[in-house]
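Listed below are the residues making up each chain.
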Amino acid sequence: MKIFIDGRYYDERSAKISVFDHGLLYGDGVFEGIRAYNGRVFKLKEHIDRLFCSAKSILLTMPMSHAEIMRAVVETCRRNKVRDGYIRLVVTRGVGTLGLNPNRCKRGSVIIIAGKIQLYPPELYERGMEIVTVPTTRNLHNAVNPAIKSLNYLNNILAKIEANNAGCEEAIMLNSEGFVSECTGDNLFIIKDGQLFTPPLSAGALYGITRSVVMEIAGESGYRVAEPNLTRHDLFNADECFLTGTGAEIVPIVKIDGRVIGDGQPGVITQKLVSQYHALTKVSGEPIYA
Ligand code: PXG
């Protein structure tokens, strides 16, 4: 595997960053998780746009331009002969001193890893997933804003641990007001009476790219999509529920906090959206090979 670090390619064993990098010392940086399908990088521009928004929000000066990063992602895929894969793009504040002051970091570092993704087992997609609400709430907007895809994911990791302790793979996170926000690495949708609902971004959800794609696909198929505040009660009484994320794609949810959702099987509309999503990933995206 060839890993991109600041304009050069290293093999796996020599791809290293400094222990003085503020990304490591303080989780001071931003990242993206991107997928490639069928020799194309899916929604690359949207991911790089979001990366720049995250960086701007934390006052991190990007060491490369938008166009340079787009090219570097495609080139890293090419060098690793990726056709279907997962790309982890990380931008750290860079090497600094043993103190918080980010001004001591001269220049940010860009790391691009293009490899394979560990998907959930196929049975999970066929039978649907069970999830639980966890005690750890989503970050407040006036703390580290949850719209920032920062390197500090400890809040989400705590929620994930709580889900795992309850025997589940994913966790529903509420915001401080008790409204549904999202899961630890996925956005959440419900379907009720043929209409889709997903929490508004103001509820503390990440501006998910898969979320946007699903809203678009659903709209094209004639389904109405609304973004009201949702409570656990709304989820329990939904006809269908599913999660969206770059890694997980679309995962049907069949049980929440012990309540069976719909008839306990992946929903009909959910399955339709899954096949439309798969069809789109096969044909759209930034070509890796000329
Ligand atoms: N919420 C959070 C908190 C996320 O981190 C999503 C929602 C879904 O967003 P996208 O844009 O991917 O539809 C994410 C994205 C992983 C992994 O390794 C996590 C994400 C993406 C890819 C891989 O667990 N999170």
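Up top you'll find the structure we're talking about.
Everything numeric in this text was worked out from a predicted model, so none of it was measured.

Moving on, we come to the environment of Pro122. Within the secondary structure, Pro122 sits in helix 4 (residues 122–127). For the pair Pro122 and Phe197, spaced 75 residues apart in sequence, the C-alpha separation works out to 26 Å.

Quick look at the pairing of strand 14 (residues 249–256) now. Most of strand 14 is tucked away, with 7 of its 8 residues classed as buried. Sheet topology note: the strand 7 (residues 129–133)/strand 14 ladder contains 3 bridges and is parallel. Looking at the pairing, Ile131 lines up with Ile256 of strand 14. Examined bridge by bridge, strand 13 (residues 240–245) and strand 14 share 4 bridges and lie antiparallel to one another. Note on strand 14: the bridge partner recorded for Thr244 is Ile250. Remark: 3 residues form the turn of the hairpin made by strand 13 and strand 14, two consecutive strands paired antiparallel. Across 2 bridges, strand 14 lies against strand 15 (residues 259–260) in antiparallel orientation. Considered in strand 15, the bridge of Lys255 is made with Val260. Linkage of strand 14 to strand 15, two consecutive antiparallel strands, is achieved through a turn of 2 residues, within which Asp257 is found at a positive phi near 50 degrees.

Bringing the site of the ligand into the picture now. Around the ligand, the structure places 20 residues, and the nearest of them are Tyr153, Glu182, Ile209, Thr210 and Thr246. One of the side-chain nitrogen or oxygen atoms of Thr246 is found 2.5 Å away from an oxygen atom of the ligand. With the chains in place, 84% of the 550 Å² that the ligand exposes on its own is no longer accessible. More than half of the atoms belonging to the ligand lie within 2 Å of the grid points that define the largest pocket.

Attention now goes to a nonpolar patch on the surface. Where nonpolar side chains cluster on the molecular surface, the patch consists of Ile17, Val19, Phe20, Leu24, Leu25, Tyr26, Val95, Leu98 and Leu100 and spans about 860 Å² of accessible area. Structurally, Leu100 is set in the loop between strand 5 (85–92) and strand 6 (109–115).

Direction vectors running N to C along helix 6 (residues 209–220) and helix 8 (residues 268–283) enclose 110 degrees, while the axes themselves pass 10 Å from each other. In terms of orientation, helix 6 lies roughly perpendicular with respect to helix 8. Handedness of the helix 6/helix 8 crossing: right-handed. Residue-level contacts link Thr210, Val213, Val214, Ile217 and Ala218 of helix 6 to Leu273, Gln276, Tyr277 and Leu280 of helix 8. Partitioning the contact of helix 6 with helix 8 into residue classes produces 7 nonpolar, 2 polar and no charged.

Our focus in this paragraph is empty space enclosed by the protein. Counted according to the given criterion, the structure contains 2 cavities of 30 Å³ or more. Taken as a whole, the largest cavity spans an internal volume of roughly 80 Å³. Here the residues of the lining of the largest cavity are counted per class, giving 5 nonpolar, 6 polar and 1 charged. Put simply, the second largest cavity is a space of about 40 Å³.

What follows is about the side chain of Thr133. Among the structural elements, Thr133 can be located in strand 7. For Thr133, the side chain forms a polar contact with the side chain of Arg232, separated by 3.2 Å. Separated by 2.6 Å, the side chains of Thr133 and Asp257 make a polar contact. When neighbours within four sequence positions are excluded, Thr133 is seen to be in contact with Ile172, Leu174, Arg232 and Asp257.

Cut-offs used in this document
- Residues numbered from 1 in each chain as written.
- Predicted model: local features only at pLDDT ≥ 70, side-chain atom pairs only at ≥ 80, totals over all residues.
- Heavy atoms only, no water.
- Helix = DSSP H or I, 4+ residues; strand = E, 2+ residues; numbered from the N terminus.
- Buried < 20%, exposed > 50% of the residue type's maximum accessible area, 1.4 Å probe, protein only.
- Pairing = 2+ DSSP bridges.
- Near = heavy atom within 4 Å.
- Polar contact = N/O pair within 3.5 Å; in protein donor to acceptor, adjacent residues only side chain to side chain.
- Areas by Shrake-Rupley, 256 points an atom, 1.4 Å probe, with all protein chains shown as cover.
- 1 Å grid on protein atoms, 1.4 Å probe; cavity = no way out; pocket = protein on both sides within 12 Å on 5 of 7 lines; lining within 4 Å.
- Sits in = over half its atoms within 2 Å of the grid points.
- Patch = residues over 30% accessible without salt bridge, like charges linked within 9 Å, V, L, I, M, F, W, Y side chains within 5 Å.
- Salt bridge = Lys/Arg side-chain N within 4 Å of Asp/Glu carboxyl O.
- Axes fitted to C-alpha atoms, helices over the stretch in contact; angles between N-to-C directions.
- Parallel < 35°, antiparallel > 145°, perpendicular 65-115°, else oblique.
- Left-handed = near helix turned anticlockwise from the far one by under 90°.
- Contact = heavy atoms within 4.5 Å.
- Nonpolar A, V, L, I, M, F, W, Y, C, P; charged D, E, K, R; others polar.
- Points joined across faces, edges and corners; volume = space filled by probe spheres on them.

Any link to function would need more than the numbers given here.
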